[in-house]
Every structure is written in structure tokens, then in C-alpha cells.
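# Examination of the molecular architecture
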Amino acid sequence: MPSFMDKLTVNGNEMDMYAAVPEGSGPFPAVVIAFHVGGMDEFDKVMADRFAEEGYVAVVPDLFHRYTDEQLNGGRLERLNYLNDADVIADMNAAVDFLTGNSAIDNDRIGVTGFCMGGRVAWLMAAVNPIFKATVPFYGGTIMGKWGDPEKTPFELSGDISCPMLFHFGEIDRNPSQEDMAKLDAELTRLGKEHTFHTYAGADHAFMDWTGARHNAEGAAVAWPRTIEFFDKYLKA
């Protein structure tokens, strides 16, 4: 399974992107991965590789490419203070353009997923880009808040979501909390949006990340096959 780093240009800025590709000639379905607050690290790259093993081209754009060394070297959560929804959308769309410009990709079979802050991005992108046929946010927090100064929050854009959603929550996570989950579920239900929410007992935020202290092996072992089954249904069937 080949993987490589590439460079894309976004509004005049150079952005790194990791890509993992299945064996064979395609055309393949594809998944854009919005990374967690740790940035483009081992976890994100391995998750992309795991998608490629399941037959998907997977790409991870570097959403921190505008950051200075000082911003990157501050506290992890402080990184969220410098994010801007307009920039994030441009970065994710640049990754989409990379995929749609490649003959090995089936443009009608592209999904989006994300972890932690990337779960929020996955919700946002499902609302702003109709090319996505399925979205899977993992414990995406602050969906009801803004990054930068956009007109609307991702939550307020929920009516524009145009694809099915599978959302994974940790039972003891505080952002998104179980109360947040209830509000998100109620809004998608009110809007008639196809969605499935799963909560994992005893799991905290970042339960998928085996490199961190909050990894929950039991939850991760169930959430991953559910994710593949969901994407297979909407991107391979």
C-alpha cells in the first residue's frame, strides 16, 4: 500500500498533505480526514493507512499550515484559538480538489471524517460541500461554537447537511458531552437528516487515539468496523 506526502496550494499558501492509496488501479472511493488537535502525527497517518487497507484513498490536509512555530509549540488546546472556519473550509476543499483532479478517484464516492477538532470539521464540511456522500465525526466538539468570525456555526448550518452521518461519542467526554449529543440529535431529527449516533461506555474524548492516555480499546474496536461498514454502504454500494 503506497503512501506519500504532497504539497497543495491554498490561497497562495503551501499546505502539506498526507495521502494513502490502496493497491490496484481504481477508480477508488476516497475519504478526507480532518486531523485532531495533535496535528498531522502518527495517529492520523496510520488512520489514513487503515482506510487505504479497506480500499479507500485517504488524505489528511495540514490544517495548521498557517501557524507559526510559536503557535504550534504552545499548549495543544491553545491551537484552537487560531483556527478560522473560512481557512479550514478552503484547506479541506483543496484536498477535495486534489482528489477530483485524479482519474484514480471516483468523484461520486467521496466521504469525510475527523477526530476531535476534526470531528467538528467533518460536520462543517458535510454542510458546506455537497460532494461528500457520507460523514463520520469522531467526538467532534464545539459544533455549536465559531472559529474565527463566520456568519454561522456548524450547528446553525445543519440544515445544509446533504449526506448521511455516523457520529461517535465518548460517554464521559465533556466536549461533546452527552447533553451536547442530545441537542445535536434533536436538531438533525427536526431537520429530517439521516444520522446514527453511538455512545461508547466509559470512553472519554480521543478514545480512538492509541498514542494518548484516554485511549479506550473496547470503544475503538467497535467504532472502527462501524465506520468502515458505514462508508462501504454509502461509498461502495
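My aim in this report is to walk through the structure given alongside it, one point at a time. (Residues numbered from 1 in each chain as written. Predicted model: local features only at pLDDT ≥ 70, side-chain atom pairs only at ≥ 80, totals over all residues. Heavy atoms only, no water.)

Next up on the list: the pairing of strand β8 (residues 195–200). In the sheet, strand β7 (residues 165–170) pairs with β8 via six bridges, with the strands oriented parallel. Among the inter-strand pairings, glycine 170 is bridged to a residue of β8, identified as tyrosine 200. Once you follow β7 into helix α5 (residues 178–191) and on to β8, the crossover reads as right-handed. (Pairing = 2+ DSSP bridges. Helix = DSSP H or I, 4+ residues; strand = E, 2+ residues; numbered from the N terminus. Right-handed = clockwise from strand over helix to strand, strands pointing away.)

This model, assessed by the stated rule, comprises eight salt bridges. Of the charged contacts, one joins aspartate 91 and arginine 66 as a salt bridge, the two residues approaching to 2.8 Å between their closest N and O atoms. With aspartate 91 in helix α3 (residues 85–100) and arginine 66 in the loop between β4 (57–61) and α2 (69–73), this pair connects stretches of sequence that are 25 residues apart. Classification of aspartate 91 as buried rests on a relative accessible area of 0%. The exposure class assigned to arginine 66 is partly exposed, which follows from its relative accessible area of 27%. One network of salt bridges, in which partners are shared, links Lys7, Glu14 and Asp16. (Salt bridge = Lys/Arg side-chain N within 4 Å of Asp/Glu carboxyl O. Buried < 20%, exposed > 50% of the residue type's maximum accessible area, 1.4 Å probe, protein only.)

We now examine the packing of α3 against helix α4 (residues 117–128). In the contact formed by α3 and α4, the axes pass within 11 Å of each other and the chain directions differ by 75 degrees. On the basis of their axis angle, the class for α3 and α4 is roughly perpendicular. Two secondary-structure elements touch here, α3 through Asp85, Val88, Ile89, Met92 and Asn93 and α4 through Arg120, Val121, Leu124, Met125 and Val128. Here the residues of the contact of α3 with α4 are counted per class, giving seven nonpolar, one polar and two charged. (Axes fitted to C-alpha atoms, helices over the stretch in contact; angles between N-to-C directions. Parallel < 35°, antiparallel > 145°, perpendicular 65-115°, else oblique. Contact = heavy atoms within 4.5 Å. Nonpolar A, V, L, I, M, F, W, Y, C, P; charged D, E, K, R; others polar.)

Before going further, it helps to spend a moment on helix α6 (residues 217–236). Since one α-helical turn is 3.6 residues long, residues separated by three or four positions face the same way. Taking 1.5 Å as the rise per residue, α6 with 20 residues should run 28 Å; its terminal C-alpha atoms sit 27 Å apart, in good agreement. Listed in full, the buried residues belonging to α6 are Gly219, Ala220, Ala223, Trp224, Thr227, Ile228, Phe230, Phe231 and Leu235. Relative to the axis of α6, the buried residues are bounded by an arc of 165 degrees and lie together on one face. In α6, the exposed residues that point more than 90 degrees away from the buried face are Glu218, Ala221, Glu229 and Lys233. Considering only its buried residues, α6 is in contact with β3 (28–34), α1 (42–53), β5 (105–115), β6 (132–138), β7 and β8. (Expected span 1.5 Å × (residues − 1). Arc of directions from axis to C-beta.)

The subject of this paragraph is unusual backbone geometry. Omega for the peptide link from glycine 26 to proline 27 comes to 5 degrees, which places this bond in the cis form. Relative to the elements of secondary structure, proline 27 occurs in the loop between β2 (13–20) and β3. Each neighbour pair has its own omega, and for asparagine 175 with proline 176 the value is 10 degrees, a cis peptide bond. If you trace the backbone, proline 176 turns up in the loop between β7 and α5. Positive phi values are uncommon outside glycine, yet cysteine 116 reaches one of about 60 degrees.

Geometric values such as these leave the question of function open.
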